[in-house]
Amino acid sequence: MARPLRRTAVLIGLVLILGIGGTVAYLRWATILGWFESERVNPVEVAELQSAVLPAASATDAAVGWPQWRGPNRDGVAPAGPFHTDWNTNPPQTLWSIPSGGGYSSLSVVAGRAYAFDFHDGQERLRCLDADTGKTIWEFAEPADYASMTLGYATGPRATPTVSDGKIFTVGAAGRFNCLELPTAGGEPKRLWSHDLAGEFGASIPTWGFACSPLIEGDLVVVQPGSRKGSVAAYDRKSGTLRWTAGNDPNGYSSPVAATLAGVRQVIAVTGKSVLGIRPADGTVLWKYSWVTQFDGNIATPIVVGDYVFVSASYGKGCALLHVEAAQDGAKITEVYFRKNRVMRNHHDTCVYRDGFLYGFDGDYLKCVNLRTGEAVAGWEADPFVTKGSVILVDKYLLGMTETGKLFLADADPKAFTLRGKMESLFAGKENWATPVLVDGRIYVRNHENVKCINVR
């Protein structure tokens, strides 16, 4: 009898070991250690921040349009232009609506053309639309294999096309990185160069697909392969030649930004494990901040305010503010505060900043957060109509779309939330995650079934 019992005990032990080992492999030690993080506040930095002069959010000229992810400056601020706010007495009207394939990427709108990136009949498809009518001017499509996205959401591309200097850059969900030359009137786009980010870097396709929207910085275009061979990579935007790589983290789902902090030009990239400050001239990592999230679920774009960088993530993470200062070797960072699993936990969206305050979705709820203190403004509560979604800043207003397909307009005011207007049932379903775009008094939105243009001139 003892021998069968010993065998049973051994089998149970092996099962436990394999189970624990598999769990650890899935969550990874770094993630487990992240569960035991504590809130941190640097009182000296917080005191300094109270009197620091922070820049105001500013809109670019309307002619710039919306050429990339989160607008002209990647900060979610719409360009200047006509925009009426009396939605209750003058309701917005749908100017046009056309069928769409699947995807979560936003549109880019430049010079009377809207660019929509979707998945249709087994192909990733880039369409150029007449911004006034929605009529397709041209399209470029190629097969894309989504088989590795086994946990779902294999619906379409995540990254927003980037339009710059007569070219358009796209990153597909499976890692195809293309540069197309925009055609002249009546012509077709020409592919100038292309890279397979997963294949060339030996990178795994992220669980929910490649999501980095290409960033133009000088003569470079920056993307995030997410590999030991290069977590972040910069290419010559004309020739497509690889110029440098930086870091060795796995991928998250964020997109990089470029800014000058403490007098030093930098590319700020959030990977699956870290926030990196990179010198664009040569790819040198100037500073690194550990930012470990379960499932490598770093999705929100970093927000730069003066010499500060704000980052946020869901999955139990929270938010942090970093102070970037000049150093002998370029730049260094000091953590101002870290709020553990509270205050602001951006999921698929990113906050917007205005006059010392952040507005964004902390999970399901729209909140206003005082950047200087790292705390939510007490008593500031959004209307129940406004649930989890995405938001941009239009002058002194918040324009957003909920994941259930409702459009809303509200004041960006820390004193109180005021709902200025709404459009119900713009889209069906619960995966309306594409950030709305506003150009020249028109809102461009999409989901897996339609692209729509809403007139608010």
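You'll find the structure just up there.
These remarks concern the structure in this document.

Thresholds applied
- Residues numbered from 1 in each chain as written.
- Predicted model: local features only at pLDDT ≥ 70, side-chain atom pairs only at ≥ 80, totals over all residues.
- Heavy atoms only, no water.
- Helix = DSSP H or I, 4+ residues; strand = E, 2+ residues; numbered from the N terminus.
- Rg over C-alpha atoms; globule rule 2.2 N^0.38 Å.
- Buried < 20%, exposed > 50% of the residue type's maximum accessible area, 1.4 Å probe, protein only.
- Contact = heavy atoms within 4.5 Å.
- Areas by Shrake-Rupley, 256 points an atom, 1.4 Å probe, with all protein chains shown as cover.
- Lys, Arg positive; Asp, Glu negative; His and termini not counted.
- Charge placed at Lys NZ, Arg CZ, Asp CG, Glu CD.
- Arc of directions from axis to C-beta.
- Polar contact = N/O pair within 3.5 Å; in protein donor to acceptor, adjacent residues only side chain to side chain.
- Pairing = 2+ DSSP bridges.
- Axes fitted to C-alpha atoms, helices over the stretch in contact; angles between N-to-C directions.

Brief notes about the overall build of the protein
If you tally the helices and strands in the protein, you get four helices and 33 strands. By the compact-globule yardstick of 23 Å for 457 residues, the protein fits well, its C-alpha radius of gyration being 22 Å. Dimensions of the protein, computed from C-alpha atoms along their principal axes, come out at roughly 80 × 55 × 50 Å. The buried share of the protein, taken over its 457 residues, is 55%. When contacts within the protein are restricted to residue pairs at least 6 apart in sequence, those whose partners lie at least 24 apart make up 55%. For the protein, the computed accessible surface area is about 18,600 Å², with 53% contributed by carbon and sulfur atoms. Positive and negative side-chain charges of the protein, numbering 45 and 45 respectively, have mean locations separated by a distance of 5 Å.

Description of helix α3 (residues 43–51)
Given 3.6 residues per turn, any residue in an α-helix points the same way as the ones three and four places further on. By the burial criterion, the buried members of α3 are Glu-45, Val-46 and Leu-49. Looking straight down α3, one finds that the buried residues subtend no more than 100° of arc, so they occupy a single side. The outward face of α3, more than 90 degrees from its buried face, is lined by the exposed residues Pro-43, Val-44 and Ser-51. Where the residues of α3 are buried, they touch β1 (40–41), β20 (308–313), β21 (318–327) and β22 (330–340). In this structure Asn-42 caps α3, since a side-chain oxygen of it lies 3.2 Å from the backbone nitrogen of Val-44.

Notes on the sheet that holds strand β18 (residues 285–290)
Taken in spatial order, the four strands make up an open sheet running β15-β16-β17-β18, and their pairing is antiparallel. Both outer strands of the open sheet, β15 (257–261) and β18, are each paired with one neighbouring strand and no more. Neighbour-to-neighbour, the strand axes of the sheet open up by a mean angle of 25°, direction not taken into account. As defined by bridge partners, strand β16 (residues 264–270) adjoins strand β17 (residues 274–278) across four bridges and the pair is classed as antiparallel.

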